[in-house]
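# Observations on the three-dimensional arrangement
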Amino acid sequence: MVAQSLASLLQRASIDDHEEVLQSCNAVLAKSKSDLQAQHMKIVALLKLDRYDEALRTFEAGGDALKKSAGLEYAYASYKCGKLEQATEAVTRTASGRGADHLEAQVRYRAEEFRRAAELYEKLSQNTASHSHEINDLNINSWATDAQLQWKGEPEFVRHDRLSREDLESFEITYNAACLNIAKGAYKQGEVLLNRAQNICRTSEDLSPEDKAAELLPIAVQYLYVLIRLGKLAEAEAVLKDISVDDIPELSTKKIARNNIVLARQTVANPFFLFKALHETPDAIDNDRLFEFQDRDLVGNAHATDLLVQKYDGIIRSTSKALSQRPSPSTDADTNLLSVYNAAAQAQGQTGSKALNQILPMLERRPTDLGLLLTVVQLYVNDGNTTSAIQAMERTLRSLEGSISEADQNARFNPGFLSVLVSLYQLEGRKVQIRTVLAQAATYWRSKPESPSSLLRAAAASLLHSEDRADLSTAGDLFQDLAKKNPNDRLAIAGYVASQATLDYSQIESQLNSLPQVSDLIADIDISALESAGVPPPPHQRQQLPPPSQRVRKSRLPKDFDPAKKADPERWLPVRDRSSYRPKGKKGKQRAAALTQGGVVDEKANEAASQQQKAGGGGGGGSNVKKNKKKGKR
């Protein structure tokens, strides 16, 4: 009887009577707490009423049977309450179908697993024949995911490049495309797209005035950030009038807006006011919390203001506590920034050698702290001491060599970390060390399932300059691996051909046709425009111009100098070495004859000299010494 009344109620239920459904479910459950159908319908009603915490408590009271029968609802309630791991497990274990894919994509996005989210949105976009109403939402979400991938430093997984005409009619897609450009650092393009997004939103006939105001607020906050980065502070001041921080419902957006407003108004002149302004908004939590890259910037702003108001001890305590709970070495940006601020607090506003005196003892105690190491490297480079910077990095690398921990080896061969070392080597022209470091890193990463293509490409390109056949063979293997991952990678194909050309030409002869012709590559290049812009032509095409002459002061010219007369080309030689030299006197002529090279030899003179040498006897030439003695008074 109860089940029949509930079923008939559900048949008559509409979107407006969730409270009535909830009351009926509670009445049923008061008589039968284990009624699974009533529990399920109560959950649905609570979710419709946005009472997510209560829905989650109902799941906990209902036990595993309810979580299994209503797996999708359990995952959604967990997601809305910010319990992302719980939501991920639920949606992947108990739910399936298109709805589950949509929910999993949202959960993965919020958990910052953007690659998986992008895969799910692509999968959903491939089957929209019977779900055409989802196309716009899928485009909006996939553009947002690509922006997040770019911000997270994974641009190789970004799928979107250009907006279609249809995309440009949606302010949400245009806004997300602007975010993607901002993440790339293309602030000018981001500014253009944000302007367009604002105009589309303002003129939309599908939104109420209240909805327009709600949608325009985050766009204005993002626009303010772009204007700050472009240095357009006057325009930023005008945008501030459109931003009412108190009207922003989400704490995360409110905190970002507060930071941008404070920075736009340049209140750095009063650090204590800046400190107060940046700490007015409480931190966002649960499902409204900031993304990692946002939180990192705001934490950095907070620590920077702490340094300005000289809260050194507080920074040292908080950062030291946080660092003690994190692994070392770590390539995590948040962890390494904590080390940077910890070092800055230890230096207490000092720079250069004075700061190094405070920080170097810390690096001796924490040799694998990469954030601290890079701080030391930066200070050395600022002082022009690249050699000491290299030595500091090499010491850290040696300290990691003997570790068997995979995390330690991943940090040791981290592409970003090694790029700093390679840059330092380049400043000192250490080509051999560059090849060695990159080759070792390539050997390590080749055995990993997800090897960094940029590092392998750099290593292979560096080995191409080696004269060692083994290095060329390794370069060929690396380029071949890259070509297998991406058959359209022309650089990988060209690199493989270049590496094997001198080793085994027959191996690459068939691939030459796949490379573009040089004439095709330079067909659209305007040579005249390049030359007029200052790009010099190739050496064989350059005219042999006379070397530039310097003006010589008259005081340094000879008295009889005649500019119309050709200068003697042998004027830089000693007088006796010039072809015009003629010795004077008998002794001078004899000396000149003895020094002649390539001239006629006087055999009689040589014979006479030989006889004289024999007459002088051997031994020590005592008679000659006696003859050469000058007579003196006795």
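What comes next concerns the included structure. (Residues numbered from 1 in each chain as written. Predicted model: local features only at pLDDT ≥ 70, side-chain atom pairs only at ≥ 80, totals over all residues. Heavy atoms only, no water.)

### Details of the pattern of salt bridges
Under the criterion given, the structure shown has 22 salt bridges. With a shortest N-O distance of 2.8 Å, Arg-159 and Glu-122 are connected by a salt bridge. Placement of the pair is Arg-159 in the loop between helix H10 (135-151) and helix H11 (171-184) and Glu-122 in helix H9 (residues 114-125), with a sequence separation of 37 residues. On the basis of relative accessibility, which here comes to 40%, the residue Arg-159 falls in the partly exposed class. When its relative accessible area of 35% is taken as the criterion, Glu-122 is described as partly exposed. Two residues, Asp-481 and Arg-446, come together in a salt bridge whose shortest N-O distance is 3.0 Å. With Asp-481 in helix H27 (residues 469-485) and Arg-446 in helix H25 (residues 431-446), this pair connects stretches of sequence that are 35 residues apart. A relative accessible area of 25% means that Asp-481 is categorised as partly exposed. Classification of Arg-446 by relative accessible area gives partly exposed; the value is 39%. Beyond isolated ion pairs, a larger network of salt bridges with shared partners links Glu-104, Arg-108, Glu-113, Arg-116 and Glu-119. (Salt bridge = Lys/Arg side-chain N within 4 Å of Asp/Glu carboxyl O. Helix = DSSP H or I, 4+ residues; strand = E, 2+ residues; numbered from the N terminus. Buried < 20%, exposed > 50% of the residue type's maximum accessible area, 1.4 Å probe, protein only.)

### Thoughts on the environment of Ala-355
Residue position: Ala-355 is located in helix H20 (residues 352-365). Note on Ala-355: relative accessible area 1%, which makes it buried. Separated by 21 residues in the primary sequence, Ala-355 and Val-376 place their C-alpha atoms 9.0 Å from one another. With residues near it in sequence (within four places) discarded, Ala-355 still touches Ala-347, Gln-350 and Leu-379. (Contact = heavy atoms within 4.5 Å.)

### A look at the nonpolar core
Within the largest apolar cluster, 50 residues are counted, with the highest numbers of intra-cluster contacts made by Ile-359 and Leu-373. When residues no more than four places from it in sequence are discounted, the contact partners of Ile-359 are Ala-343, Ala-347, Leu-372, Thr-375, Val-376 and Leu-379. Ile-173, Leu-227, Val-239 and Ile-243 belong to the second largest nonpolar core, which has 41 residues in total. (Core = buried A, V, L, I, M, F, W, Y, C linked by side-chain atoms within 4.5 Å.)

### Focus on the packing of aromatic side chains
Where two aromatic rings form a pair, the distance of their centres and the angle of their planes describe that pair. Evaluation of the coordinates by the stated rule reveals 10 aromatic pairs. Ring centres of Tyr-109 and Phe-114 lie 5.5 Å apart, and the angle between their planes is 75°; this geometry places the pair in the edge-to-face category. Plain terms: the ring middles of Phe-114 and Phe-291 are 6.0 Å apart, the flat faces sit at 55° to each other, and that makes the pair tilted. Remark: Phe-291 occurs in the loop between helix H16 (271-278) and helix H17 (292-308) and Phe-114 occurs in helix H9; sequence separation between them is 177 residues. You'll find Phe-114 and Phe-291 in the same group, each marked buried. Here the guanidinium or amino end of Arg-110 rests over the ring plane of Phe-291, the centre of that ring lying 4.2 Å away. (Phe/Tyr/Trp six-rings, centres within 6.5 Å; stacked < 30°, edge-to-face > 60°. Lys NZ or Arg CZ within 6 Å of the ring centre and 35° of its normal.)

So far we have only geometry, and geometry alone does not tell us how the molecule works.
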